[in-house]
Structures are given as C-alpha cells and as structure tokens.
Amino acid sequence: MRSARSPFRSRVAAVTALAALLALGSPVTAVGGPTGGDGHDRRPCVASRLPDRGPARDVLRIAERATAEMDLKSVIVRVTAGDREVVTTALGESMTGVPATPAMHFRNGNIAISYLGTALLRLVDQGRVRLDDPVSRWLPDLKDGDRITLRMLAASTTGLVDYVTAAGFGESVYANPFRRWTAKELVAISTSKPRWYEPGTNWSYSHANFVLLGAALEKITGTRLDVLLRHEVLRPLGLRETRNSFTPEIPEPVLHAFTAERGTYEESTFWNPSWTTAPGAVQTTDICDLARSAAGIGSGELVSPASYQELLNPGTVGLGHATKTCPATVCLPNTEATHYGMGVLILGDWIAQHPLFFGYSASQAYLPSKRLAIAVSTTNGPTAQAGHSAHTIAQRIAAALAPNHPIPDFG
C-alpha cells in the first residue's frame, strides 16, 4: 500500500474488486428481501457528547488538526472499545452550508472485500467448500482455473494483473466517470495480460481476484452476491445502514464527495462506482456501521477459530516482494508486520481495510488485544493533496489511544 497519486495507482487503498467473469453465465437465485441491514433496533448514528478532557477530546483534536492541515472538506470519526463508545463526531461540510453528520452515507469501496473473505470462510465452516478447492469447479472458463484456488482469490495470490493499474484504464475512467463498466470488460483486461507470477507464489493486490471471488461465491451458493452478503455478514453483524446498489445511488442523508483528480475541483459523489467492486458488493455505509464492521470482521466474530486464523494469515506472511514481473508499485514489503489476510490487511497488530477513490477516503482498523475499533471517513477540500487522509487520521488516533500498537504505513 502506498499514498496514491491517483485512485488507479494505490492498490488496495484505491478500491476493491470488480464483478465477475462468469456472472453472465447461468442465473442465480435472489432470495430474501432488499439488501442492507437486518432491522435490528439500534440507536441513531449521532455525535456523542464530548468531555473537556480524556480520549474522546484527544480524538476530536486529532480530527480538527487533520481537517485544517490536509484541507479536508469533512472528517467523520467513530471509535469504540469493546461495547463502549469512545467518541462519534463529524467535522466540516457535506456540501457548502450543509454540515457533515455521523448519519451520512458514503461509499465503502474495498471494505466490502472483507465481507467477501468472511462469507467464504463461513461457507468453509459450513462444510460447503474448502479453501484449496480449484475455482475451475465453478468458473470453468477461467484460464488456468484448475491451478487457482478459492484461497488464492481471497488472499490475492493468483498472479493476475490488476486491471486498475493497466495502461489506459485510469484515463478511460476519468474521460467518462459516469460510464458503467461490466464484469466481463474488467476481468478481460486482467486475463488478457501475462501473469505477474505463478499462482500461489507471491502476493499482489489485484481487483480481478475479488471480481472472480464474487462470481465463485454466487456459483457456490446459487444466491445473488448482494443477498448472500446480507445473509452471511451484514445482517449477523447488525449493519443496517450498509447496503448494495446496482446504480450510483446513495441513500439519504448523503456525504457528498469532491475531487481535483481531473484537474479541476468538482463534485464526484455520483460518479459510477461499477469498476470498484463486484456487482452486489458496491456498497454504501455510515460511520457507526463502519466501526461495527471493524470490530465484527476484525474479531472473527462470525467464523470459527480455525477460520479466524485463516483470515489473519492464509499463507501470505513473507510474500509481497517485488519481482521482475511483479513491480514494487503493486507488491507490499516482504515483512511479517504487513501482509494480506483473507480480504483484509494485517498492519502490525491491526486488522484493517481502507478504500480511496473518487474523492472518498475511509479506514476501518481493529486492535484485537484491546478490542479497539477505529472508523474514519473523509472528503477533500479544493487544495487537498493526493493521499490517504483517513488512514493517516486512523494512525494518529491509534498513536494516541494505543501508543504501544502503532498502525504501520501500507507501502
């Protein structure tokens, strides 16, 4: 992971996955009602009362300094410790004259791939699949599918090129940010290029892995991906404000985003996110759900102890080194302090994910030893520099609340 010069050059920070090559194959069954939450009672996501001193005030000061220092239009933060709320607050504006609030919805990007990983592990726990099953069983048209396993897709060790970093892709998105990209188009970009390395021999973030994982999950279960994630992850965790959309729609109230990525500062809220993750996992959320997600996913609440260990290390420790075919710009350092899990990043003692695209930046991070969850969402002001502001703020909060457990940089 690195600070991004554009959302197309920042690997995991940029976004998540994109659709599935074989989602256009045999139809799957959509069961249940609309996606998003389980209807469980939960108090509204509102700002907490801030004392004059203590951890909550420390977090607020960090957010205030970052807002001014980074020229952020909005910063929304929630921190919890176990079942206790430390602080929930929102600074800045959604739009001119419209204050940001904790209840506002924003795109969660690659947060959704942590749900894909957890959903896969739940299927393993149910005895429906094994991590080392070849994906050719469900995706027979995928080249070398007999050499690629479900584990490799979820852990991003297939060697597939990331279509987001492919020449011309970023320019195409910027030329028409309202374009709807199809699964077939996106995966074809990756599969048309030579692999970075042999499957299972290295680690590198590729959106195509999660596109294909989404397709495989649908084939395995016979259930549409948005419905599957709702039943297996969103509803069990009580994420009632997290939901998929097959359009650029965002539920009210909306946290609006702005970016200068095309050379002029403009609104990017409703740019089409179809390229960012698998159909059925193009989600929006709020800060309370994001903090709950950090704790629920990071603690392995929904999976067995054995699957939780796979979540943390599916065989990726020590991988991520650059090679002649896998450039340093897409591989993590070869270090045990930073590696990829099953749809999550392991950053030192923290289990994390953090999307960055189209003017939105977010971060969810969880420290198991202290049951500490940090959730941050930001949007950019006119002079904001390229980079992952939400991750930086999460690092600063971690340094204040858990000084012996820093969150490392991600590249």
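In this text, all values refer to a predicted model and were calculated from it rather than measured experimentally.

Student: An account of the sheet that holds strand S5 (residues 243-244) is requested, with residue identities and associated values reported.
Tutor: Taken together, the three strands give an open sheet; going across it, the order is S4-S8-S5, and neighbouring strands pair in antiparallel fashion. Because the sheet does not close on itself, it has two edges, and the strands there are strand S4 (106-107) and S5. The sheet contact formed by S4 and strand S8 (residues 283-285) spans two bridges and is antiparallel. If you follow Phe-106 over to S8, its bridge partner there is Thr-285.

Student: I'd love a proper account of the state of the cysteines, names of residues and values included.
Tutor: Evaluated as defined, the whole model comprises one disulfide. With a sulfur-sulfur separation of 2.1 Å, Cys-45 is cross-linked through a disulfide to Cys-288. Judged by the sign of its S-S torsion, about 90°, the bond between Cys-45 and Cys-288 is right-handed. Taken together, the positions of Cys-45 in the loop between helix H1 (11-14) and helix H2 (55-70) and Cys-288 in helix H9 (residues 287-298) put the pair 243 residues apart, joining distant regions of the chain. For Cys-45, a relative accessible area of 6% corresponds to the buried category.

Student: Describe in detail helix H7 (residues 207-221), supporting the description with residues and values.
Tutor: Taking 1.5 Å of rise per residue, 15 residues should cover 21 Å, and H7 covers 22 Å from first to last C-alpha, within 8% of that figure. Extensive coverage of H7 is indicated by the burial of 14 of its 15 residues. The first or second residue beyond H7 is Gly-222, which carries a positive phi of 65°.

Student: Lay out the pattern of salt bridges with the relevant residues and their values.
Tutor: Side-chain pairs of opposite charge can arise where the charged atoms are in close proximity. Under the defined criterion, the tally for this structure stands at 19 salt bridges. A salt bridge links Asp-83 to Arg-371; its shortest N-O distance comes to 3.9 Å. Taken together, the residues span a long stretch of sequence, with Asp-83 in the loop between strand S1 (72-81) and strand S2 (84-95) and Arg-371 in the loop between strand S13 (360-367) and strand S14 (372-380) at a distance of 288 residues. Taking relative accessible area as the criterion, Asp-83 reaches 78% and is therefore assigned exposed. Note that Arg-292 and Glu-301 form a salt bridge whose closest N and O atoms lie 2.8 Å from each other.

Student: Tell me what's going on with the nonpolar core, and back it up with residues and numbers.
Tutor: Val-79, Tyr-115, Leu-120, Trp-275, Trp-350, Ile-393 and Ile-397 are the most contacted members of the largest nonpolar core, which totals 111 residues. The next biggest cluster of nonpolar side chains, apart from the first, holds six residues, and it includes Val-161, Trp-196, Tyr-197 and Val-330.

Student: Before we move on, can you summarise the packing of aromatic side chains with the specific residues and values?
Tutor: Across all of its chains, the model carries twelve aromatic pairs by this definition. Centroid distance Tyr-205 to Phe-210: 5.6 Å. Interplanar angle 35°. Geometry classified as tilted. Put simply, the rings of Tyr-163, Phe-169, Trp-181, Trp-271, Trp-275, Phe-357 and Phe-358 touch in pairs and so form one group of aromatic residues. The positively charged end of Lys-73 is found above the aromatic ring belonging to Phe-258, 5.3 Å away from the centroid. Residue placement shows Arg-179 over the ring face of Trp-181; its charged tip is 3.5 Å from the ring centre.

Student: Requested: an account of the packing of helix H3 (residues 111-125) against helix H10 (residues 305-312), with residues and values cited.
Tutor: Viewed as axis vectors pointing N to C, H3 and H10 meet at an angle of 145°, and their least axial separation amounts to 10 Å. H3 and H10 meet at a crossing whose hand is right-handed. Facing H3, whose interface residues are Thr-118, Leu-121, Val-124 and Asp-125, H10 presents Ser-307, Glu-310 and Leu-311. For the contact of H3 with H10, the class distribution of residues is three nonpolar, two polar and two charged.

Student: Lay out the environment of Glu-64 with the relevant residues and their values.
Tutor: With respect to the secondary-structure elements, Glu-64 resides in helix H2. Look at Glu-64 and you get partly exposed, because its relative accessible area is 41%. Along the chain, Glu-64 and Gly-92 lie 28 residues apart, while their C-alpha atoms are 9.2 Å from each other.

About the thresholds
- Residues numbered from 1 in each chain as written.
- Predicted model: local features only at pLDDT ≥ 70, side-chain atom pairs only at ≥ 80, totals over all residues.
- Heavy atoms only, no water.
- Pairing = 2+ DSSP bridges.
- Helix = DSSP H or I, 4+ residues; strand = E, 2+ residues; numbered from the N terminus.
- Disulfide = S-S within 2.5 Å.
- Buried < 20%, exposed > 50% of the residue type's maximum accessible area, 1.4 Å probe, protein only.
- Expected span 1.5 Å × (residues − 1).
- Salt bridge = Lys/Arg side-chain N within 4 Å of Asp/Glu carboxyl O.
- Core = buried A, V, L, I, M, F, W, Y, C linked by side-chain atoms within 4.5 Å.
- Phe/Tyr/Trp six-rings, centres within 6.5 Å; stacked < 30°, edge-to-face > 60°.
- Lys NZ or Arg CZ within 6 Å of the ring centre and 35° of its normal.
- Axes fitted to C-alpha atoms, helices over the stretch in contact; angles between N-to-C directions.
- Left-handed = near helix turned anticlockwise from the far one by under 90°.
- Contact = heavy atoms within 4.5 Å.
- Nonpolar A, V, L, I, M, F, W, Y, C, P; charged D, E, K, R; others polar.

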